[in-house]
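What follows is the residue order along each chain.
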Amino acid sequence: MLTACDPAFWDGGSIDISDVFNGGAHDPPDSSDPPGPPGTGGAGGGGGSDPGPLTAAVAMTRAQREALMQAYYDQIMNETGSVVSTAAAGGQPDQDPNDLMLHISDMGESCDVYPRSLPCGGHWQLRFVLPIAYQQVGVYDLDDFALHASMFETGAPYSPAPDDCPKGGGTLLGSGTLEILAIDSTEVRFRVTTGAALMGGNPSGEYTAPRCP
């Protein structure tokens, strides 16, 4: 059974999910967490721009994702006046900008917005990191720390309010695999096999992730 390592679940409110999807468990936000852009709603605040075409999965480099994160923090500063350190969007010195990030969600993913807002109603997102050495056909255990396998999910609404529901996320550890079936310059085809029972269902299945331009 795949479980979250030190998962955090909390009720209501907007949260920042960037820590979850960079790997590692995420604690409930405090006053030092950057706010989501006004009016975006949903878990994680979400990117303020409208997403482009949605697919079940997308693949982007770490450099591409950090550029989206920087745009997200710039929007927060422009719309709220809150100053956010640019280091918050950047990776650690030992993180390769050519790492490939696989983003999966039952609500669809986009190459244009990160972090993606996840609404209430039993929905989920999964994130994996493929270092250069893993960007080839093969089977990799989800408990391999190099994958930084992580999840975020929402539960059923408590009320008609759009953001009033349980939310949680953390690092995925335990039995399960990520199998790279095919990978080239245009897409990554892969299979997730896990016994994880998220609030929105089991994410096991085969996915094709277009590579972001």
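To be clear, the structure that these remarks concern was listed above.
> Describe the state of the cysteines, and please don't skip the residues or the numbers.
According to the stated counting rule, one finds two disulfides in the structure shown. Disulfide pairing is shown between Cys-111 and Cys-212; the S-S distance is 2.0 Å. When the S-S torsion is -85 degrees, as for the bridge of Cys-111 with Cys-212, the disulfide is left-handed. Placement of the pair is Cys-111 in the loop between β3 (100-109) and β4 (124-130) and Cys-212 in the segment after β10 (205-210), with a sequence separation of 101 residues. Look at Cys-111 and you get partly exposed, because its relative accessible area is 24%. Residue Cys-120 pairs covalently with Cys-165 via a disulfide, S to S 2.1 Å.

> I'd like a rundown of the sheet that holds strand β5 (residues 138-141), residues and numbers included.
Here we have four strands laid out as an open sheet, ordered β5-β8-β9-β10, and antiparallel in their pairing. Edge positions in the open sheet fall to β5 and β10, since each of these has one partner strand only. Neighbour-to-neighbour, the strand axes of the sheet open up by a mean angle of 25 degrees, direction not taken into account. Pairing between strand β8 (residues 176-183) and strand β9 (residues 187-194): seven bridges, direction antiparallel. In the sheet register, Ile-180 faces β9, and the bridge partner there is Phe-190.

> Just give me the short version of the environment of Asp-106, but keep the residues and values in it.
Locating Asp-106 in the fold gives a position in strand β3. The exposure class of Asp-106 is partly exposed, given its relative accessible area of 34%. Along the backbone, Asp-106 and Ala-57 are 49 residues apart, and their C-alpha atoms lie at a distance of 8.9 Å. Setting aside residues no more than four positions away along its own chain, Asp-106 makes contact with Gly-122, His-123 and Trp-124. Reaching out from Asp-106, the side chain makes a polar contact with the side chain of His-123 at a distance of 2.8 Å. Side-chain polar atoms of Asp-106 contact the backbone nitrogen of Trp-124, separated by 2.9 Å.

About the cut-offs
Residues numbered from 1 in each chain as written. Predicted model: local features only at pLDDT ≥ 70, side-chain atom pairs only at ≥ 80, totals over all residues. Heavy atoms only, no water. Disulfide = S-S within 2.5 Å. Helix = DSSP H or I, 4+ residues; strand = E, 2+ residues; numbered from the N terminus. Buried < 20%, exposed > 50% of the residue type's maximum accessible area, 1.4 Å probe, protein only. Pairing = 2+ DSSP bridges. Axes fitted to C-alpha atoms, helices over the stretch in contact; angles between N-to-C directions. Contact = heavy atoms within 4.5 Å. Polar contact = N/O pair within 3.5 Å; in protein donor to acceptor, adjacent residues only side chain to side chain.

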